Amino acid sequence: QPSRAVMALCELGHTDLDQAGSAELPIAYDKVVVKIFEGDQHGAEFKKLNPARQVPVLVDGDFVLAESHSILRYLAESRALPDHWYPKDLRKRARVDEYLDWHHTHLREGVHTYLIKKTLYPVFGIDVSEDEFNSLRKILQVSLKYMEDKLSKHKYLCGDQISIADLSAFCEIIDTKLLPDVDISKYVLIVDWMDIMLAIPAIKKVHAGLLSQIEGSMKNMKAKL
Ligand SMILES: N[C@@H](CCC(=O)N[C@@H](CS)C(=O)NCC(=O)O)C(=O)O
């Protein structure tokens, strides 16, 4: 998820989504795949880049930066991207930061942590108690309510313009489609907002692999019915 958010911002780059028909002007970047399921993040070379051993990591000349939200902010500022991504206005910016800080302990917990514990832990034989699953489901519901409430006030999460908060949130919440026991359809404003986000070609492009994975798991589920 966090890597997809960074790639989506690079793909969108200088495209001004406030201006209808604005030309697509991506930020040039080289994508280096780190195979986390094969443990590449624990190799000596990668540890030098990010001692926390997680992706994404940005290498911009001699400057190395980890943490997706820090990278999104850095790209928005250093590449002077259209203001709507990370507004200069102090209060609008604070609203985006508020979402980004909240994200780690809420939506990320409710989706990513739940997904990992549900799908990956069994592969490694790690038990997760039903209480733990219940508390993660609770965090997800609380998170979805918080987002639905935000979207009842404006078109995007932090205002009427798209920001890096929407990118981070979308790239996380789309993973709920990999969880057959999670149904977010009652959050109608979130569902509409997801459609708007996915209609942006650059966002669709970075999710192509995930979308085909989701389609595969849907077919699999239908075959079992
Ligand atoms: N807070 C970090 C989270 C990064 C993260 O969770 N990365 C995962 C992939 S989605 C990872 O590298 N996992 C490998 C591991 O923990 O061994 C960010 O936003 O960049």
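Further up the page is the structure itself.
To keep things clear, this report deals only with the structure shown in the data block.

Reading the values: the criteria
- Residues numbered from 1 in each chain as written.
- Predicted model: local features only at pLDDT ≥ 70, side-chain atom pairs only at ≥ 80, totals over all residues.
- Heavy atoms only, no water.
- Near = heavy atom within 4 Å.
- Polar contact = N/O pair within 3.5 Å; in protein donor to acceptor, adjacent residues only side chain to side chain.
- Areas by Shrake-Rupley, 256 points an atom, 1.4 Å probe, with all protein chains shown as cover.
- Nonpolar A, V, L, I, M, F, W, Y, C, P; charged D, E, K, R; others polar.
- Helix = DSSP H or I, 4+ residues; strand = E, 2+ residues; numbered from the N terminus.
- Contact = heavy atoms within 4.5 Å.
- Buried < 20%, exposed > 50% of the residue type's maximum accessible area, 1.4 Å probe, protein only.

1. Quick notes on the site of the ligand
So, point 1. Every residue lining the ligand is accounted for by Pro2, Ile36, Gln41, Arg53, Gln54, Val55, Pro56, Glu67, Ser68, His104 and Arg108.
So, point 2. Within the side chain of Gln54, a nitrogen or oxygen atom sits 3.3 Å from an oxygen atom of the ligand.
So, point 3. For the ligand, a nitrogen atom lies 2.9 Å from a polar atom in the backbone of Val55.
So, point 4. For the ligand, whose accessible area on its own is 510 Å², the fraction buried by protein is 79%.
So, point 5. Counted by class, the shell around the ligand contains 4 nonpolar, 4 polar and 3 charged residues.

2. Considerations on the side chain of Asp175
So, point 1. Relative to the helices and strands, Asp175 is located in the loop between helix 7 (164-173) and helix 8 (188-198).
So, point 2. For Asp175, the contacting residues outside a window of four places in its chain are Gln1, Arg4, Val111, Leu115 and Leu210.

3. Notes on the side chain of Ser163
So, point 1. With respect to the helices and strands, the residue Ser163 is situated in the loop between helix 6 (130-151) and helix 7.
So, point 2. With a relative accessible area of 2%, Ser163 lands in the buried category.
So, point 3. Not counting residues up to four positions away in its chain, the partners in contact with Ser163 are His84, Trp85, Val96 and Cys158.

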